[in-house]
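Observations on the three-dimensional arrangement
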Amino acid sequence: RIFVLGVRESFTTSEAVWNFFDLISVTIWVLDLTVDNLAREGMLILRVFRTLRLFRIIRTLRILRMIRHAREFRKMIFAFVGSLDTLMWSLILLGLEIYFFSIFFTQAATKHQGENKDAPPELAEYYGSLGSSVWSLCLAISGGANWGVVSDPLHELDASWFYMGLF
């Protein structure tokens, strides 16, 4: 940067501190390479130069310079975190609705199966137990199963159960 911007531009602008930090980190890196090359050739330099390797960690602080560019990203993260409360309550409400309707459909299906021995097998498959009712409704809501296929056995019970299923 110093070669591109010049010495005066590099150290008199608002980014002078970061440019100075870059200069120090690059200088330490060059010294570290020099010490490594001399140590390989058999010439051991003072151990003080080995401590310069600790400054490699400091180079990672250059990432901090990107924080000021991330204001918009921070705003998005804060908006997302702020909406998690609403999302949680929405999911709780949806879960309670599914559970509520599953209880009704399971009771109606088991009553119909007890009274009629010729009940369709899909009724027991989709609404034979509370777990299968919850699972069927979750699949129908999320698009995992076609809603028409899941609601057809309810039509066998009574039209009112079918229309309650559409609600």
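Residues numbered from 1 in each chain as written. Predicted model: local features only at pLDDT ≥ 70, side-chain atom pairs only at ≥ 80, totals over all residues. Heavy atoms only, no water.

Let's talk about the packing of helix 5 (residues 71-115) against helix 7 (residues 130-142)
Packed helix pairs are characterised by how far apart their axes lie and by the angle those axes make with each other. With their axes 9 Å apart at the nearest point, helix 5 and helix 7 run at an angle of 125° to one another. When the axis of helix 5 is compared with that of helix 7, the two are oblique. The handedness of the crossing between helix 5 and helix 7 comes out as right-handed. On helix 7, the residues touching Leu94, Ile98, Tyr99, Phe101, Ser102, Ile103, Phe105 and Thr106 of helix 5 are Leu130, Ser133, Val134, Leu137, Cys138 and Ile141. (Axes fitted to C-alpha atoms, helices over the stretch in contact; angles between N-to-C directions. Helix = DSSP H or I, 4+ residues; strand = E, 2+ residues; numbered from the N terminus. Parallel < 35°, antiparallel > 145°, perpendicular 65-115°, else oblique. Left-handed = near helix turned anticlockwise from the far one by under 90°. Contact = heavy atoms within 4.5 Å.)

Regarding the side chain of histidine 112
By secondary structure assignment, the location of histidine 112 is in helix 5. Taking the relative accessible area as the measure of exposure, histidine 112 reaches 13% and is therefore buried. Those residues within four positions of histidine 112 in sequence are excluded, and the remaining contacts are Ala119, Leu123, Glu156 and Leu157. (Buried < 20%, exposed > 50% of the residue type's maximum accessible area, 1.4 Å probe, protein only.)

Description of the packing of helix 5 against helix 8 (residues 147-157)
Two elements in contact, helix 5 and helix 8, have axes whose closest approach is 10 Å; the angle formed by their N-to-C orientations is 55°. With respect to helix 8, the element helix 5 is oriented oblique. As helix 5 packs across helix 8, the resulting crossing turns out to be left-handed. Listed contacts from helix 8 to Phe105, Ala108, Ala109 and His112 of helix 5 are Leu154, Glu156 and Leu157. Class assignment for the residues of the contact of helix 5 with helix 8 results in five nonpolar, one polar and one charged. (Nonpolar A, V, L, I, M, F, W, Y, C, P; charged D, E, K, R; others polar.)

Focus: the confidence of the model for the protein chain
Model confidence for the protein chain is summarised by a mean pLDDT of 77, while 72% of its residues fall at 70 or above. Averaged over each element, pLDDT in the protein chain is lowest for helix 4 (residues 55-59) (60) and highest for helix 7 (90). (pLDDT = per-residue confidence, 0-100.)

Details of the packing of aromatic side chains
Throughout the structure, instances matching the rule amount to five aromatic pairs. A ring pair is formed by phenylalanine 100 and phenylalanine 101, whose centres lie 5.6 Å apart and whose planes are at 80°; its orientation type is edge-to-face. Ring centres 6.1 Å apart and planes at 35° place the aromatic pair phenylalanine 101 and phenylalanine 105 in the tilted group. Pair noted here: phenylalanine 101 and phenylalanine 105 are both in helix 5, with a separation of four residues, about one helical turn. Judged by relative accessible area, which is 13%, phenylalanine 101 ranks as buried. Judged by relative accessible area, phenylalanine 105 falls into the buried class, the value being 1%. (Phe/Tyr/Trp six-rings, centres within 6.5 Å; stacked < 30°, edge-to-face > 60°.)

Notes on helix 8
Along helix 8, the residues classified as buried are Val150, Ser151, Pro153, Leu154 and Leu157. The buried residues of helix 8 occupy an angular sector of 140° when projected down its axis, which confines them to one face. (Arc of directions from axis to C-beta.)

Quick look at the environment of serine 142
Mapped onto the elements, serine 142 comes out in helix 7. Separated by 2.9 Å, the side chain of serine 142 and the backbone oxygen of cysteine 138 make a polar contact. (Polar contact = N/O pair within 3.5 Å; in protein donor to acceptor, adjacent residues only side chain to side chain.)

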